[in-house]
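Chains, contacts and geometry: an overview
Take a look at the letters that make up each chain.
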Amino acid sequence: MTLTRGLILLIALLGGVPQAGLAQETAIRIGVLSHRGDAATLRNWGPTADYLSSQMPGYHFTVVPLEFEEVEPAVAYRRVDFVLVNSGMYVDLEVRQGVSRIATLNNRHGEQSYNTFGGVLFTRIDRTDLATIESLRDQRFVAVNLHSLGGFQMQWREMQARGLDPWEDLAGIEFANTHDAVVRHVLAGDADFGAVRTNILERMIEDGDLARDSVRVIASLPTEGFPLEVSTRLYPEWPFAKTGATANALAQRVAVALMQMPHDHPASLSGRHAGWTVPLDYQAVHALFQELGIGPYGKPRFTFEDVISKYRGAFIAGGLMLGLLVLLSGWIAHLNRKLDEAKRGIQSRFELILEAVGDGVSGVDTNGTITFVNPEMVRLTGWTIDELIGRSQHDLLHHSHVDGRPYPKRDCPVGATFRENRQHHVDDEVFWRKDGSSFPVEYASAPLRDREGKVLGAVIVCRDISARKAAEEEQRRHLTEMAHVSRLSTMGEMASQIAHELNQPLSAITNYAGACMRRLQDDRADRDSLLEAMQLLSTQAHRAAQIVRQIRDFIRKRDPQRGPIEINALVGQTAQLVSVEAGRAGVDIDLDLAETLPSVNGIVIELEQVVVNLLRNAIEAVGHNPTDQRRITIRSTFNADDVIHIEVRDNGPGMDPTALSEAFTPFYTTKRSGMGLGLAISRRIVEAHGGRLWAEVEAGGGATFHIDLPSEVAEARDVA
Ligand code: ADP
């Protein structure tokens, strides 16, 4: 509804325009179907209202233009007292709203008046192919309105009579709402043919709104006495009708005034009609409605087409929205499918990875209950998936240490993982199998978190390290063997010095024993001197026994046992062992030992061997110096990193770059009778104790060999 028409309707509803001098007048509203637009309606029918006002003092008549859809509500809600609508709408209102006709319009064409009208089907003049109703099949149709009798319903009846269903057999129907708009659409080629009531085309030509010979009437019927071109049967012209609420007396006065209107009254001329006649019979319109099953004979109050026609814009927008929604939901469904596929893909890839991975993988919740396991975990433990899932990981797999001591749950690194929300890595523990046996494992336990970072449990990735352990064991055994052989060879080399060393106490023993025997034979033996001799004898025998014990300890191939080692004591004993050799070479070994040192966890005989090797090499190196310039120092220190440091320094010739880089390579030697194994074995021993062995050349000449060994304190902390 336009602003103007809204305003007019509002004024009409409020009782008309208040005018000076008309205060006593009763406002009478005539609702007129505005089938050619509001301006035309007011122009054509305003003079008739004025005529009635002039004929009936005390009443003021106004015209209220109504669109097709506004007519019935205006009657139902008594917004109008009289209606001037097309014959079809009148019949409908008659049945539904109780309106009654009081006059029928006499129309005019030139000088001829007529009171019937019909429908016209027309096309552009160049569309010669559209001559009959049958030829309209599959063409685009524009009509005035679903409720327009002359602008649609009459043509519909004729088409149906010729077997052409306008809803099914045409390319489409458009409703343009006014006759003029229908003509414009056809001319513009928006539609192939149109429907208007009789006299529209002629009047538009007359008014200069339509070029003569620009359109052609389709299926034009010869109608005797009817002055206009028509494509349908004829029906009675528009009636002037009173609503059910309008008083009969008033209606009679209006009817009389209308009948009395001269054919050439200005109001008739401006409306281009020829006054009014007695109301005609509208049976023909009833027949049309019956045949089409519309109007009062239609089932639905508002047909689907009505709704479509009225809310076309909303429908198109809704349709577009719906289409968009369908597209959108299709797209979302497509994305969802893709997402599902991707998820399934990830899931199956995840499962494949879990299956393929060579490590055991399991998940636990924050109670330590197993939530998932991979096939390797099943294989490693001997439990089935069903036996594992839902059970306590610790109770099932991790309950005891390798020696059978119980492993308290509170110490379990897996539990600590989700309690502390951090990863734990353990490289030497055991898991237990279903059959009661254990296997060594290295495992990492990482917290499992949701998107918000909340800890849900832990994922454990474990590896059976039996093979690695066996290899390490084998390496260890091999090292022990080699170390033993090396010690034997060292002893072999030291044999002459040791024999010499032993010789001294043995000769002393022999001497003391001989002296004792001589005194006893000569009866010169007194108790005190004998006791003194025996004391000396015993001391020498002890010394000899100590030497033998040291040698035996050094070369004994015993099962190497790890244990706490006091490094200073070890250095002292070693210096003692090589003291004979050092003494013979004229070398003093200076000890510069830290006052207190933490112990080292290791195998004493092996670390002794390392120091022996270093000292013997040093003795040999300083042998090149003049006898009074042969110095060897052993230092022990302890640094803040809990590492014990041992240095064996000599003032020998030092080492050239090749010797420095190759000295630890097996069989590298610069000595004629050397094996080149001492340093190689020593380095492996130190590394097997978690330490390092390296050499440096001193600026002032000589070489220093450095050993770093982790103290027991450091080892304990690393394990924790
Ligand atoms: P070997 O003593 O049988 O040669 P080692 O492995 O003990 O075997 O020593 C390898 C080599 O390292 C020696 O031949 C020597 O050249 C060098 N070397 C070892 N210690 C010293 C040292 N204190 N001073 C100089 N050179 C050394």
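See above for the structure.
Here is what the cut-offs are and how they apply
- Within any chain, residue numbers begin from 1 and follow the written order of that chain's sequence.
- Restriction of local features to residues with pLDDT of at least 70 applies here, the model being predicted, together with a cutoff of 80 or more for giving and counting side-chain atom pairs; totals for whole chains, interfaces and linings are based on all residues.
- Hydrogen atoms and water are omitted, and side-chain values are computed over all heavy atoms in the structure.
- A run of H or I in DSSP counts as a helix once it spans at least four residues, and a run of E counts as a strand once it spans at least two, with each numbered from the N terminus.
- Radius of gyration here uses only the C-alpha atoms, and the compact-globule reference equals 2.2 Å multiplied by the residue count raised to the power 0.38.
- The buried label goes to any residue with under 20% of its type's maximum accessible area, the exposed label to any with over 50%, and the partly exposed label to all in between, with areas taken from a 1.4 Å probe on protein chains only.
- Contacts are assigned to residue pairs with any non-hydrogen atoms lying within 4.5 Å of each other.
- Where accessible areas are quoted, they stem from the Shrake-Rupley method and a 1.4 Å probe; at the residue level, only the protein chains shown are allowed to cover.
- When charges are counted, Lys and Arg contribute as positive and Asp and Glu as negative, whereas His and the chain ends are disregarded.
- Every charge is mapped onto a representative atom, which is NZ of Lys, CZ of Arg, CG of Asp or CD of Glu.
- Any residue with at least one heavy atom within 4 Å of a molecule or strand is counted as near it.
- Here a polar contact is recorded for every N or O atom pair within 3.5 Å, except that within protein the pair must consist of a potential hydrogen donor and a potential acceptor, and residues adjacent in sequence are included only if both atoms are side-chain atoms.
- Working definition of a nonpolar core: buried Ala, Val, Leu, Ile, Met, Phe, Trp, Tyr and Cys residues. They are joined through side-chain atoms within 4.5 Å.
- A pairing counts as a salt bridge when a side-chain nitrogen of Lys or Arg comes within 4 Å of a carboxyl oxygen of Asp or Glu.
- Patches in this entry comprise residues that are over 30% relatively accessible and not in a salt bridge; like charges within 9 Å are linked, as are nonpolar side chains (Val, Leu, Ile, Met, Phe, Trp, Tyr) within 5 Å.
- For two strands to be treated as a pair, DSSP must find no fewer than two bridges joining them.
- Here, the term right-handed applies to a crossover whose path from the first strand over the helix to the second runs clockwise when the strands point away from the viewer.
- Axes, fitted as lines to C-alpha atoms, cover a helix only where it is in contact. Angles between the N-to-C directions of the axes lie from 0 to 180 degrees.
- Just so you know how the angles are binned, under 35 degrees is roughly parallel, over 145 roughly antiparallel, 65 to 115 roughly perpendicular, and the rest oblique.
- Take the far helix as your reference; a near helix turned counterclockwise from it by less than a right angle gives a left-handed crossing, and one turned clockwise gives a right-handed crossing.
- Throughout this entry, Asp, Glu, Lys and Arg are counted as charged residues, while Ala, Val, Leu, Ile, Met, Phe, Trp, Tyr, Cys and Pro are counted as nonpolar. The remaining residues, Gly among them, count as polar.
- Only centres within 6.5 Å qualify two rings of Phe, Tyr or Trp (six-membered ring in Trp) as a pair; their planes then separate them into stacked at under 30 degrees, edge-to-face at over 60, and tilted for everything else.
- A ring has a charge above it when a Lys NZ or an Arg CZ is no more than 6 Å from the ring centre and no more than 35 degrees off the ring normal.

Along its length, the protein chain carries 24 helices and 25 strands. Its C-alpha atoms give the protein chain a radius of gyration of 62 Å, clearly above 27 Å, the size a compact globule of 720 residues would have. Across the 720 residues that make up the protein chain, the buried fraction comes to 46%. In the protein chain, once contacts between residues fewer than 6 apart in sequence are set aside, the share between residues at least 24 apart is 69%. When the accessible surface of the protein chain is totalled, it reaches about 36700 Å², and 54% of it is carbon and sulfur. One finds the centroid of the 74 positive side-chain charges in the protein chain at a distance of 2 Å from the centroid of its 93 negative side-chain charges.

What follows is about the site of the ligand. Around the ligand there are 19 residues in total, and N617, T669, T670, K671 and L679 lie nearest to it. Between the ligand and K671, the relevant distance is 2.7 Å, taken from an oxygen atom to a side-chain nitrogen or oxygen of the residue. About the coverage of the ligand: the protein hides 92% of its 530 Å² of free accessible area. Counting only elements with at least two residues in the shell around the ligand, the list comes to α21 (604-622), α23 (678-688) and β25 (703-710). Among the elements that line the shell around the ligand, the one with the most residues is α21, at three residues.

Turning next to the nonpolar core. The biggest cluster of nonpolar side chains holds 86 residues, and the ones touching the most others in it are F82, F141, F240 and V254. A per-element tally of this core places helix α8 (residues 248-259) first, with six residues. Leaving out residues up to four positions away in the same chain, V254 has contacts with L52, M56, F61, F82, I102 and F240. With 51 residues, the next largest nonpolar core counts A544, F554, L614 and A695 among its residues.

Scanning all chains against the criterion turns up 30 salt bridges. For D92, the salt bridge is made with R96, and the minimal N-O distance between the two is 3.0 Å. Here R96 and D92 lie together in helix α4 (residues 87-97), a separation of four residues that amounts to about one turn. Residue D92 is classed as buried on the basis of its relative accessible area, which comes to 16%. A salt bridge links D192 to R127, with the shortest nitrogen-to-oxygen separation between them at 2.8 Å. Within this pair, whereas D192 is found in the loop between α6 (179-188) and β9 (193-197), its partner R127 is found in the loop between β6 (116-124) and β7 (140-143), the two being separated by 65 residues in sequence. Several salt bridges converge on common partners, so that one network encompasses D592, R635, E647, R649 and E698.

For the rest of this paragraph, the subject is a nonpolar patch on the surface. Nonpolar side chains collect at one region of the surface, where L322, L325, V326, L328, W331, I332 and L335 lie side by side and expose about 700 Å² of accessible area between them. Looking at the secondary structure, you find L322 in helix α12 (residues 312-356). Given a relative accessible area of 55%, L322 falls into the exposed group.

Going residue by residue along strand β8 (residues 172-175), you find I173 and F175 tucked away on one face and G172 and E174 left uncovered on the opposite face. For β7 and β8, the ladder comprises four bridges, and the chain directions are parallel. Residue pairing for β8: A143 is matched across the bridge by F175. In this fold, the crossover linking β7 to β8 by way of helix α5 (residues 149-161) has right-handed handedness.

α21 packs onto helix α17 (residues 466-521) with a crossing angle of 45° between their chain directions and a minimal axis gap of 11 Å. The angle between α17 and α21 places the two elements in the oblique class. Seen from above, α17 lies across α21 with left-handed handedness. Contacts from R476, T480, A483, S486, R487, T490, E493 and M494 in α17 reach I605, E606, Q609, V612, N613 and R616 in α21. Here the contact of α17 with α21 is composed, by residue class, of four nonpolar, five polar and five charged.

Glancing now at unusual backbone geometry. With phi around 65°, D213 is a residue other than glycine that occupies positive phi space. If you trace the backbone, D213 turns up in the loop between α7 (200-207) and β10 (215-218). Taking relative accessible area as the criterion, D213 reaches 61% and is therefore assigned exposed. Of note, N421 is a non-glycine position whose phi angle comes to about 55°, a positive value. Within the secondary structure, N421 is located in the loop between α16 (413-420) and β16 (424-432).

One open sheet accounts for five strands, arranged β20-β22-β23-β25-β24; its pairing is mixed. Unpaired on one side and paired on the other, β20 (588-592) and β24 (692-697) mark the two borders of the sheet. Looking at each pair of strands side by side, their axes are set apart by 15° on average, direction ignored. Contacts from α23 reach β24 and β25 within the one sheet, and its direction differs from that of β24 by about 135°.

As a further point, take the packing of α17 against α23. At a minimum axis distance of 10 Å, the contact between α17 and α23 shows a crossing angle of 135°. The angle between the axes of α17 and α23 places the two elements in the oblique class. Of the two elements, α17 crosses α23, and the hand of that crossing is left-handed. Facing R476, H478, L479, M482, A483 and S486 of α17, the residues of α23 in contact are I681, R684, I685 and A688. In terms of residue class, the contact of α17 with α23 is made up of six nonpolar, two polar and two charged.

Moving on: the sheet that holds strand β18 (residues 455-464). With antiparallel pairing, five strands are arranged side by side in an open sheet as β15-β14-β18-β17-β16. Two strands in the sheet have a free side with no partner beyond their single neighbour: β15 (370-373) and β16. Strand-to-strand twist in this sheet, taken as the mean axis angle between neighbours without regard to direction, amounts to 30°. Sheet topology places strand β14 (residues 360-365) next to β18; six bridges connect them, and they run antiparallel. In the strand pairing of β18, G363 is matched with V459.

Summed over the entire model, instances satisfying the criterion amount to 16 aromatic pairs. Linked through ring pairs, F141, F152, W156, W167, F175 and F193 together constitute an aromatic cluster. Positioned above the aromatic ring of F664 is the side chain of R683, whose terminal nitrogen or guanidinium carbon lies 3.9 Å from the ring centre. A cation over a ring is seen here: R692 above W694, with NZ or CZ 4.2 Å from the ring centre.

Note that all results are geometric; they support no functional claim without further evidence.
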